[in-house]
Amino acid sequence: MGRTAVGGTFEQLHDGHRQLIRKAFETAGDDVLDIGLTSNNMAGEKNRDIPDYPTREKNLTDFIKELGIPKDRYHIQMLTNPYGTTLEDDYDAIVVSPETYPVALKINELRKESGKPEIKIVRIEYVMADDDIPISSTRIVHGEIDVHGHLKPN
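Described below are features of the structure shown in this document. (Residues numbered from 1 in each chain as written. Predicted model: local features only at pLDDT ≥ 70, side-chain atom pairs only at ≥ 80, totals over all residues. Heavy atoms only, no water.)

**Looking at the nonpolar core**
- Grouped together as the largest cluster of nonpolar side chains are 22 residues, with contacts concentrated most on Ile35 and Leu60.
- No other element matches helix H1 (residues 15-28), which puts five residues into this core.
- Residues in contact with Leu60, not counting those within four places in the same chain, are Phe10, Leu13, Ile21, Ile35, Leu37 and Ile76.
- Among the nonpolar cores identified, the runner-up in size contains seven residues, and Ala5, Ile94, Ala104 and Ile119 belong to it. (Core = buried A, V, L, I, M, F, W, Y, C linked by side-chain atoms within 4.5 Å. Buried < 20%, exposed > 50% of the residue type's maximum accessible area, 1.4 Å probe, protein only. Helix = DSSP H or I, 4+ residues; strand = E, 2+ residues; numbered from the N terminus. Contact = heavy atoms within 4.5 Å.)

What follows is the structure, given as structure tokens:
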């Protein structure tokens, strides 16, 4: 396929994140996947406590190991802005969720303005919790659901 990007805060590494990462590796094929992981500063802009960068990076690499993907098939880079290296570097695809789809559209708009080719956007759908509402880190932090979307008792 060529060079592929995916990014996020990966705060709780829930089943939605897991689907996104699996799809990104599938899209990348035999090529290296660039994974942008939100910096502590960017993550701090959210309205809740978020695990620090090293913790989120370890959780991400542990999950990738579970998938059986060797270390030479991916590169994790710190995101200090919403676009990472996608405005400068050549990419064939970017894998996004409905939540990050607008960022991918903006990336392509900015790339077009600078004379770079657009990146193919591969969009996955939300993974639904047991109540048919999307799994999200916010819902997990608020104690509504677990990382698999199972409802927690009141």
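**Notes on the packing of aromatic side chains**
- What the rule picks out here adds up to one aromatic pair.
- Measuring from ring centre to ring centre gives 6.1 Å for Phe25 and Tyr74, while their planes differ by 90 degrees; the resulting arrangement is edge-to-face. Separated by 49 residues along the polypeptide, Phe25 in helix H1 and Tyr74 in strand S3 (residues 74-79) bring together distant segments of the chain. Assigned by exposure class, Phe25 and Tyr74 land together as buried.
- The ring of Tyr91 has Arg3 sitting right over it, with the charged end atom 4.5 Å from the ring centre.
- Above the face of the Tyr101 ring, Arg123 is positioned so that its terminal group lies 4.9 Å from the ring centre. (Phe/Tyr/Trp six-rings, centres within 6.5 Å; stacked < 30°, edge-to-face > 60°. Lys NZ or Arg CZ within 6 Å of the ring centre and 35° of its normal.)

**Concerning the sheet that holds S3**
- As summarised here, the arrangement of the five strands in space is S3-S2-S1-S4-S5, forming an open sheet in which the pairing is parallel. Taken across any chain shown, the strands that pair with only one partner, and hence form the sheet edges, are S3 and strand S5 (120-123). When the angles between neighbouring strand axes are averaged without regard to direction, this sheet yields 25 degrees.
- Bridge count between strand S1 (residues 4-8) and strand S2 (residues 33-38): five bridges; the pairing is parallel. Bridge pairing links Val6 to Ile35 in S2.
- Most of the contacts of helix H4 (residues 101-113) go to S5, to which it runs at about 175 degrees, and overall it touches strand S4 (93-96) and S5. (Pairing = 2+ DSSP bridges. Axes fitted to C-alpha atoms, helices over the stretch in contact; angles between N-to-C directions.)

These results come straight from atomic positions and should not be treated as a statement about function.
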